[in-house]
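# Secondary and tertiary structure notes
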Amino acid sequence: MVLTPLPDSRTEPDGSAVIRVLSYNVRSMHDDTEALARVIRACAPDLVLVQEAPRFFRWRKAAARLAKSSGLVVLSGGATAAGPLLLCSLRASVERTEDVLLPLTPGLHRRGFATAVVRIGGVRLGVLSCHLSLQRDERLAQAELLLERLASMGVEHSVAGGDLNDVPTGKAFTHLAGQLQDCRAVAPWGGELTFPPDEPRKRIDAVFATPGIEVLGCGVPTGLPGVSGADLRAATDHLPVLAALRVPAV
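Report follows, based on the coordinates. (Residues numbered from 1 in each chain as written. Predicted model: local features only at pLDDT ≥ 70, side-chain atom pairs only at ≥ 80, totals over all residues. Heavy atoms only, no water.)

## Concerning the overall build of the chain
Selection criterion: Helix numbering and strand numbering both begin at the N terminus, where a helix is a DSSP run of H or I of at least 4 residues and a strand a DSSP run of E of at least 2. Atoms considered for the radius of gyration are the C-alpha atoms alone. The globule rule reads 2.2 Å times the number of residues to the power 0.38. The classification of residues rests on relative accessible area computed with a 1.4 Å probe and restricted to protein chains. Under 20% of the type maximum is buried, over 50% is exposed, and intermediate values are partly exposed. Contact criterion: two residues are considered in contact whenever any of their non-hydrogen atoms come within 4.5 Å of each other.
Tallying secondary structure elements over the chain gives 6 helices and 13 strands in all. Its C-alpha radius of gyration of 16 Å places the chain within 12% of the 18 Å reference for a compact globule of 250 residues. Burial analysis of the chain (250 residues in total) assigns 54% to the buried set. Sequence-distant contacts, at least 24 apart, represent 72% of the contacts inside the chain between residues at least 6 apart.

Below you can see the structure in the form of structure tokens.
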């Protein structure tokens, strides 16, 4: 069966905007970076919520290379957010950005959020990329901090996404889906499972939207122009999640 394409990005006459949001764990770009760039370009996103961006030696140059090869620009994040990174197209104008480091549990990895407020058409939108903990209790606490951060951004509409390290029946995932729209559940499109890429068994990556945003479709993209299944497997150790959303004007 041929997958119906998601709507293209556009600004409506009333100022509302259809946007494409991609969430993608890139495993510090340790895999096939050319395949990675092909996948991102083919998704034609306005916003990319990256996890496991390069964090160490010359990380800014690596992030810039990823953005350039994908036809995008760096918005915020990277090492200063402990891995989450935001990329955007030139369609987005930046109002402000903030990288947030989360409380550190001794013996566990530092985690953080990359956040921004952008304007697209007549839309003002909060954006957050996250990579939640492998430890259950810390992960649940971070999910609550994510909700608090969105509420404090001073915008009516927001999107958040990332590698949750949790499945839809898990406590952290359920906590987020109780207050935000789990875009895949609201408007399924494409594939469902995101990890591992060879034989995916779990949905641990997701895009969420605040109430009031219309979800037009969300899932793992398949049949992308110029992208093979081998590209998706070679790019990184997660499959991407692409969402099309209609955001009301301010």
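## Some details on the pattern of salt bridges
Where we set the bar: We define a salt bridge as a side-chain nitrogen of Lys or Arg found within 4 Å of a carboxyl oxygen belonging to Asp or Glu.
Scanning the entire structure with this criterion turns up 12 salt bridges. Of the charged contacts in the structure, one is a salt bridge between Glu 95 and Arg 96, with a shortest N-O distance of 3.3 Å. Among the residues examined, Glu 95 registers a relative accessible area of 32% and is labelled partly exposed. In this structure, Arg 149 engages Glu 98 in a salt bridge whose closest nitrogen and oxygen atoms are separated by 3.2 Å. You can see Arg 149 sitting in helix α3 (residues 136-151) and its partner Glu 98 sitting in strand β6 (residues 93-101), a full 51 residues away along the chain. Judged by its relative accessible area of 41%, Glu 98 is partly exposed. Through salt bridges that share partners, Arg 10, Glu 12, Glu 214 and Arg 246 make up one connected network.

## What to know about the sheet that holds strand β9 (residues 157-163)
What counts is decided by this rule: Being paired, for any two strands, means DSSP has found at least two bridges between them. Angles run from 0 to 180 degrees between N-to-C directions of axes, and those axes are lines fitted to C-alpha atoms, restricted for helices to the stretch in contact.
The strand order across the open sheet formed by 6 strands is β6-β7-β8-β9-β11-β10, and the pairing between neighbours is mixed. Two strands in the sheet have a free side with no partner beyond their single neighbour: β6 and β10 (181-182). Against the sheet, α3 contacts β6, β7 (112-120), β8 (123-131) and β9, and its axis sits at roughly 30° relative to β7. Contacts from helix α4 (residues 171-179) reach β10 and β11 (205-209), with the element oriented near 20° to β11.

## Some points on α4
Put simply, the rule reads: Arc definition: directions from the helix axis to the C-beta atoms.
Among the residues of α4, Ala 172, Phe 173 and Leu 176 are the ones counted as buried. Along the long axis of α4, the arc covered by the buried residues comes to 100°, so they all point the same way. Of the exposed residues in α4, the ones pointing more than 90 degrees away from its buried face are Lys 171 and Gly 178. Residues of α4 that are buried make contact with α3, β10 and β11.

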